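Secondary and tertiary structure notes
Single-letter residue listing:
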Amino acid sequence: MESEHIQITIDGIEIKVPKGTTVYKAAESMGKEIPIFCYHDRMPPFGACRMCLIQVEGIPKLQASCVLEAREGMKVWTNSAEAKKGQERILELLLINHPLDCPICDKGGECPLQDQTLKYGPGLSRFFETKRQFLKPLPLGPVLMLDRERCIQCARCTRFGELIAGDHALEFIDRGYRMEVGTHDGGPAESKFIGNTIKICPVGALTSQVYRFRARPWDNVSVESTCTLCPVGCSMIMDSRDGQIMRTRSPENRDVNDIWLCDKGWFGYQHVESPHRLTTPLVRVNGSFKPISYEEAFTIIVDRLRDALPSTKAAAFGGNPLTFEENYLFQSLLRALGVSHIDHRIGEPLFSLDEEGMAGGMESSIGSLESLEFASLIGCDLTEEFPLLWLRLKQAHNKGAPLSFIGHFAPEIHSYLNEIILHPPGEELTHLKTHLESLSKLKGKGALLVGSQYLHTQERSRIIDALIRFKESHPHINLHLLDGNEGSKGAREAGMHPELGPFGRRLENPGLDALSVLKMASQTGWEFLWVAGADPARKFSQNLFSKARSKLTFLVVQDLFMTETAQLADLVLPTFSFIEKEGSFINIEGRVQELQPGKNLPEGVLSDRVIFHSISKHFNLDLEGHKKPDQFPLRPHTTRQSAEKPLQTKAGLKATFATSLFDEGVRMKENACLSGMIRGPFIRMHPDDIATLGLSDGKFVIVQNAHGSVKGVLKSYAKMAKGTVVLPLGFSSIPVENLEMNRINGFVVDVRGDT
């Protein structure tokens, strides 16, 4: 409407803009450039640097355009002599103590301060005294370095922690000329998103320890690709120099990760240059490994697989780190040979289709989370499992959207939750019913984000049925099932599932899942197991896998490193990392995204795709291609079940699993800098339970049940349900798989002190 717009004049040109627009945004809409440092379009204007000074008719002093709201009839000049002089003086002030680091600074060549000094600066300094000097660089954690004398106190980094990530990782400490960026306790910055502060720092004060002094922007060759280290599938740019990966960056993708990455995306590539990486095929001879050629390895695999086919005791595990195309070829090869025991869900609960109810997925884009008017996290620990979703949801919270949580233990973002409902495992249906009734009273666009605390239970199908029924009667609320890891969505859609062929086609003659294969192998033996990009020796019970391996005739492992499974293999094949692959990745939304190689391919190593094609030729198979749809929607695939009668559970302490973004996975441990972000694993209990059992916070305890026991350090955590024990996943020092090999929450355990 006309009344919602105002008219202003900028540099003699009249323009109409929506009421509430700042002068800076109005000028930007005309294509006029006003220099800025502190302003960032993903955060509200702040006015700290004063670089965007303009002249306004009727106001004697120059004004900061980024915080000045345009008003009807206002006349401003962005390039008048007074405005230019003001901008010049601000730059002169900022440069008084800024060091002449440009020849060595990592920001050189892409530095706003450098560019604006050239374009708007005085050209000659009036300051000849000695500049301030600090010990440099100051490490603020394993990946972040601070050069204090470069900082212009624009507050972008501190405001990112406040407004975007919500972790307050960086803060200004001290006041006046002593003010500098630091952390609240003087320790390392505690954040899962600290790499983004390096991206938005306009002066090179914050730099990456991983990239520091390694390359210049003009030396780098840039390739757009996709991060596959979690199911979000963030868009990323990989920069390489002389064929070696130098760094990763985030382009703009408003539908997925906007302009951000988590720190796995920023720094999770160092493992590709690890000296421990496999470089040649290995075969076990007399108990030790001996290098062989790929052709020799292919011949052995073909002979062993051909021998195993008549027994029907051949199986394949893996698939999550593989591209969609590689998974498609893998299952096509195996099923063409009559192998039906195929499973990618290594390290995930193994539900049958009827038990599962519905696979993980989202009803709307990740980007749509920013526009929600309310949301409920149902057993979902966003920052640990789907980190970038929190950055998008945080924007809705900033606009006033209330957030609630229901589950076994509250996530680390609990300070932003308006309501927290905690209950022990096994009581999901009872509490969910009450919670959904309260959500039904809320108006506007909402969403249910359902996570592993609710999805990895024996009641999964009943929970999902209750959610679907609620969704049908409340169409304004989207349902997002946040399940899986890495490329599990693509592996499933490619057909790496014992009950499903490609694109969700249900098989008439399903195979055994991974757990059933290992159980059968441990009892009656097994002939052939092919593992690609998985580590079942670590992800399943050590006792079970050890028994299965003792009765397994031949084990092939295809991976980057000598994982625990590879160390037990008869034949090991090296392959590519996601940094080196070409193909497709399907994220948690069902969005198909492309991967491109970001560095020179490792010499003498073959990709998974080439390996599968080569072996298929030995069997005289001509594997057909496939056609990928643009999107994979949520698909219910089970009959309706009543949610009124929950299963009966045993009394006692109930265990639930917790995922960590920074765990002790083999790729994490091979990232020299990122591995420094791994925090010691803890077994968490409510302080009241600790007191009742006579245990001590910070001391070792033993958690046990009929299947086994684990030992770990106990940590008191008040934001969790009483009667609950939280067990960490992904840490070899606490092999929780020994307690529950299928990773289903809600099993009963005993906890005692380690005497």
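Just so it is clear, the structure is predicted and the values come from calculations on it, not from any experiment.

**Some thoughts on the overall build of the protein**
- Summing up its helical and strand segments, the protein has 22 helices and 34 strands in all.
- Computed over its C-alpha atoms, the radius of gyration of the protein comes to 28 Å, within 12% of the 27 Å expected for a compact globule of 755 residues.
- Reported as C-alpha extents along the three principal axes, the dimensions of the protein are approximately 90 × 60 × 60 Å.
- Within the protein, the fraction of its 755 residues that count as buried is 59%.
- Sequence separation of 24 or more characterises 73% of the internal contacts of the protein that already satisfy a separation of 6 or more.
- Accessible surface, the protein: about 31000 Å² in total, of which carbon and sulfur atoms supply 51%.
- Here the protein contributes 86 positive and 92 negative side-chain charges, whose respective centroids are spaced 2 Å apart.

**A word on the nonpolar core**
- Judged by nonpolar contacts, the single largest core of 90 residues is most densely connected at L382 and L389.
- In this structure, I301, L305, I342 and F554 belong to the second largest nonpolar core, which totals 35 residues.

**Section: unusual backbone geometry**
- The omega torsion of the bond from K136 to P137 falls at -10 degrees, within 30 degrees of zero and hence cis.
- By the element assignment, P137 lies in the loop between α3 (112-120) and β6 (138-139).
- Despite not being glycine, D11 shows a phi value in the positive range, around 50 degrees.
- For D11, the position within the fold is in the loop between β1 (5-10) and β2 (13-18).
- One non-glycine residue with positive phi stands out, namely Q153, at about 55 degrees.
- In this fold, Q153 is placed in the loop between β7 (144-146) and α4 (156-164).
- Residue classification places Q153 among the partly exposed positions, given a relative accessible area of 29%.

**What to know about the pattern of salt bridges**
- Scanning all chains against the criterion turns up 43 salt bridges.
- For D11, the salt bridge goes to K32, with nearest N and O atoms at 3.3 Å. Separated by 21 residues along the polypeptide, D11 in the loop between β1 and β2 and K32 in the loop between α1 (23-29) and β3 (53-56) bring together distant segments of the chain.
- What makes D11 buried here is its relative accessible area of 18%.

**Here we look at empty space enclosed by the protein**
- Under the definition given, this model contains five cavities of 30 Å³ or more.
- As for the second largest cavity, its lining consists of 15 residues, of which C151, C154, C157, C201 and A205 are closest to the centre.
- When grouped by side-chain class, the residues that make up the lining of the second largest cavity number 13 nonpolar, one polar and one charged.

**Here's the deal with the side chain of R150**
- Among the structural elements, R150 can be located in the loop between β7 and α4.
- If sequence neighbours within four positions are ignored, R150 has contacts with H98, P99, D101, C105, K136, V203, G204, A205 and T207.

**Topic: the side chain of D101**
- Considering the arrangement of structural elements, one finds D101 in the loop between α2 (81-95) and α3.
- Polar side-chain contacts of D101 include one of 3.0 Å to the side chain of R150.
- Here D101 is in contact with K136, E149 and R150, once residues within four sequence places are set aside.

**Quick notes on α3**
- Along α3, the residues that are buried comprise L113, Q116 and Y120. In a view along the axis of α3, the buried residues occupy a sector of 70 degrees, so they form one face of it. When the buried face of α3 is taken as reference, the exposed residues oriented beyond 90 degrees from it are L118 and K119.
- Among the structural elements, α2 are those in contact with the buried residues of α3.

**Some words on the sheet that holds strand β32 (residues 708-716)**
- The strand order β29-β33-β30-β32-β31-β34 describes a closed barrel built from six strands, whose pairing is mixed. With direction set aside, neighbouring strand axes in the sheet form an average angle of 45 degrees.
- Judged from the two bridges that link them, strand β30 (residues 682-685) and strand β33 (residues 724-728) form a sheet pairing that is antiparallel. For R684, the partnering residue across the bridge sits in β33 and is V726.

**Observations concerning the packing of aromatic side chains**
- If you walk through the whole model with that rule in mind, you get twelve aromatic pairs.
- Ring geometry for W530 against F612: centres 5.8 Å apart, planes inclined by 65 degrees, an arrangement best described as edge-to-face. Of the two residues, W530 sits in strand β24 (residues 526-532) while F612 sits in helix α20 (residues 608-618), which places them 82 residues apart along the sequence. The same class applies to W530 as to F612, namely buried.

**Brief notes about the sheet that holds strand β11 (residues 221-226)**
- Spatial ordering of the open sheet is given by β11-β12-β13, a layout of three strands whose pairing is antiparallel. The open sheet has two edge strands, β11 and β13 (244-249), and neither has a second partner. Put simply, the sheet's adjacent strands are angled 30 degrees from each other on average, direction ignored.
- In this sheet, strand β12 (residues 235-241) lies alongside β11 in antiparallel orientation, the contact comprising six bridges. Note that in β12 the partner of T226 across the bridge is S235.

**A closer look at helix α8 (residues 324-336)**
- When the terminal C-alpha atoms of α8 are compared, their 18 Å separation across 13 residues agrees well with the 18 Å that a helix rising 1.5 Å per residue should span.
- Burial analysis of α8 places eleven of its 13 residues in the buried class, which makes it a mostly covered element.
- Every buried residue of α8 is listed here: F324, E325, E326, N327, Y328, L329, F330, Q331, S332, L333 and L334.
- Where α8 is buried, its residues contact β16 (314-318), β17 (341-343), α15 (488-494), β24, β27 (583-586) and α20.
- At the exit of α8 stands G338, carrying a positive phi of roughly 90 degrees.

**Examining the environment of M74**
- Inspection of the secondary structure assignment puts M74 in the loop between β4 (63-64) and β5 (75-77).
- Sequence-wise, M74 and E57 are 17 residues apart; in three dimensions their C-alpha atoms are separated by 7.2 Å.
- With residues near it in sequence (within four places) discarded, M74 still touches Q7, I8, T9, V23, V56, L68 and E69.

**Description of the packing of α2 against α3**
- At a closest axis distance of 10 Å, the pairing of α2 and α3 adopts a crossing angle of 135 degrees. Here α3 runs oblique to α2, going by the angle between their axes. Remark: the crossing between α2 and α3 carries left-handed chirality. The segment α2 lies against α3, with Q87, E88, L91 and L95 engaging L113, Q116, T117 and Y120.
- Of the residues assigned to the contact of α2 with α3, the class counts are four nonpolar, three polar and one charged.

Cut-offs and rules
Numbering of residues begins from 1 in every chain and follows the order in which that chain's sequence is written. Where totals are concerned, whole chains, interfaces and linings use all residues; where local detail is concerned, this predicted model gives features only for residues with pLDDT of at least 70, and gives and counts side-chain atom pairs only at 80 or more. Only hydrogens and water are set aside; all other atoms, that is, all heavy atoms of the structure, feed into the side-chain values. Counting from the N terminus, the helices are the DSSP runs of H or I reaching at least four residues and the strands are the DSSP runs of E reaching at least two. In this description the radius of gyration comes from C-alpha coordinates, and the expected globular size is given by 2.2 Å times residues to the power 0.38. Under the scheme applied here, a residue whose accessible area is under 20% of the maximum for its type counts as buried, over 50% as exposed, and between as partly exposed, the area being computed with a 1.4 Å probe on protein chains only. By definition in these notes, contact holds between two residues if any of their heavy atoms fall within 4.5 Å. Computed by Shrake-Rupley with a 1.4 Å probe, the accessible areas treat only the displayed protein chains as cover when residues are assessed. Counting rule applied: Lys, Arg positive; Asp, Glu negative; His and chain ends not counted. Lysine's charge is taken at NZ, arginine's at CZ, aspartate's at CG and glutamate's at CD. Joining through side-chain atoms within 4.5 Å is the link that ties buried Ala, Val, Leu, Ile, Met, Phe, Trp, Tyr and Cys residues into a set, and such a set is a nonpolar core. Salt-bridge detection follows one rule: a side-chain nitrogen of Lys or Arg within 4 Å of a carboxyl oxygen of Asp or Glu. Think of a 1 Å grid over the protein atoms and nothing else: a 1.4 Å probe that fits but is trapped marks a cavity, an open set flanked by protein within 12 Å on at least five of seven lines marks a pocket, and residues with an atom within 4 Å of a point count as lining. Grid points are joined across faces, edges and corners, and a volume is the space filled by probe spheres set on the points. Each residue is assigned to one class: nonpolar for Ala, Val, Leu, Ile, Met, Phe, Trp, Tyr, Cys and Pro, charged for Asp, Glu, Lys and Arg, and polar for all the others, Gly among them. By the criterion applied in these results, polar contacts are pairs of N or O atoms within 3.5 Å in which, for protein atoms, one can donate a hydrogen and the other can accept it, and in which residues neighboring in sequence qualify only through two side-chain atoms. As used here, the arc is the angular range of directions from the helix axis to the C-beta atoms. Pairing between two strands is assigned when DSSP locates at least 2 bridges connecting them. Lines fitted to the C-alpha atoms define the axes, with helices restricted to the stretch that makes contact. Angles between their N-to-C directions range from 0 to 180 degrees. What counts as a ring pair is set by centres within 6.5 Å for rings of Phe, Tyr and Trp (its six-membered ring), and what kind of pair is set by the plane angle: stacked under 30 degrees, edge-to-face over 60, tilted for all other angles. A helix's residues, less one, multiplied by 1.5 Å, set its expected span. An angle below 35 degrees is read as roughly parallel, one above 145 as roughly antiparallel, one from 65 to 115 as roughly perpendicular, and any other as oblique. Crossing handedness: left-handed means the near helix sits turned counterclockwise from the far one by under a right angle, and right-handed means the same turn made clockwise.

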